[in-house]
Amino acid sequence: FIMPHFAYECRETTNEVLDSAKQQSFETTYLHQSWKTTITPLHLKEYDQAATQLLVRIEDISEKKNLEQQSQVTDTLHKTLLETIPGFAIILDASGHLMAWNNYTRTIIFGKTDNEMYDVDPFGFICPTERTSIRKKFFKTLRAGCEKTAEIKIFPQKEKHAIWLLIHAKPVFIDNQM
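This text gives an overview of the structure that appears in the document. (Residues numbered from 1 in each chain as written. Predicted model: local features only at pLDDT ≥ 70, side-chain atom pairs only at ≥ 80, totals over all residues. Heavy atoms only, no water.)

1. Side note on the pattern of salt bridges
And then number 1: Evaluation of the coordinates by the stated rule reveals six salt bridges.
And then number 2: A salt bridge links Glu 27 to Lys 65; the shortest N-O distance between them is 2.7 Å. Of this pair, Glu 27 sits in strand β1 (residues 24-30) while Lys 65 is found in helix α2 (residues 62-84), placing the two residues 38 residues apart along the sequence.
And then number 3: With its nearest N and O atoms 3.2 Å apart, the salt bridge here joins Arg 106 to Asp 114.
And then number 4: The class of Arg 106 is buried, set by a relative accessible area of 17%. (Salt bridge = Lys/Arg side-chain N within 4 Å of Asp/Glu carboxyl O. Helix = DSSP H or I, 4+ residues; strand = E, 2+ residues; numbered from the N terminus. Buried < 20%, exposed > 50% of the residue type's maximum accessible area, 1.4 Å probe, protein only.)

2. Focus: helix α5 (residues 128-144)
Each α-helix turn comprises 3.6 residues. Residues three or four places apart therefore point the same way.
And then number 1: Look at α5: 25 Å from first C-alpha to last across 17 residues, which is about the 24 Å you get at 1.5 Å a residue.
And then number 2: Every buried residue of α5 is listed here: Glu 130, Ile 134, Phe 138, Thr 141 and Leu 142. Down the axis of α5, the smallest arc covering the buried residues is 110°, so these residues share one side. When the buried face of α5 is taken as reference, the exposed residues oriented beyond 90 degrees from it are Thr 129, Thr 132, Lys 136, Lys 140, Arg 143 and Ala 144.
And then number 3: Residues of α5 that are buried make contact with β4 (90-92), β6 (148-154) and β7 (163-169). (Expected span 1.5 Å × (residues − 1). Arc of directions from axis to C-beta. Contact = heavy atoms within 4.5 Å.)

3. Digging into the packing of aromatic side chains
And then number 1: Applying the stated criterion to the full structure yields six aromatic pairs.
And then number 2: Ring geometry for Phe 110 against Phe 125: centres 5.2 Å apart, planes inclined by 85°, an arrangement best described as edge-to-face. Linking Phe 110 in helix α3 (residues 103-110) with Phe 125 in the loop between α4 (114-117) and α5, this pair joins segments that are 15 residues apart in sequence. We note that Phe 110, like Phe 125, is buried.
And then number 3: Relative to Phe 139, the ring of Phe 138 has its centre 4.9 Å away and its plane inclined at 75°; by these criteria the two rings are edge-to-face. (Phe/Tyr/Trp six-rings, centres within 6.5 Å; stacked < 30°, edge-to-face > 60°.)

Listed below in structure tokens is the structure:
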């Protein structure tokens, strides 16, 4: 059977393709199923002026849509959990790259925008004399798979004096990856 809104969208898009001679796409969702329809004009050499045939491709994108939705839910959950942590909170990947943070960390500790945070050295705010040893302890914690707690001296952005911060490091495995 053909859904009325799909038929309407298909007719409208076909007219756009014929008028513009350019490929067009649209997505349709019905009863938790999603499809992407792409209409491409075919130009045959013997008919130079306009497209005489159309190639129509309908692709089931339900799984992709579901994965995108699940990813958005997971991202929202991570952000919500990070924001409930009072004070400094970050998530680093196994390479030591910053993956997530809470607003306190972004504004008070680093003084950066969300876009700038992706380029931040997550160890850069640590007192320079302690930075190398803290970095080594972090990677040792990851390799050993154990938890560590330590006090470190940090320099929040725009602060002239160092403050002490209690940090807790714990490796977390998701889908057998750290």
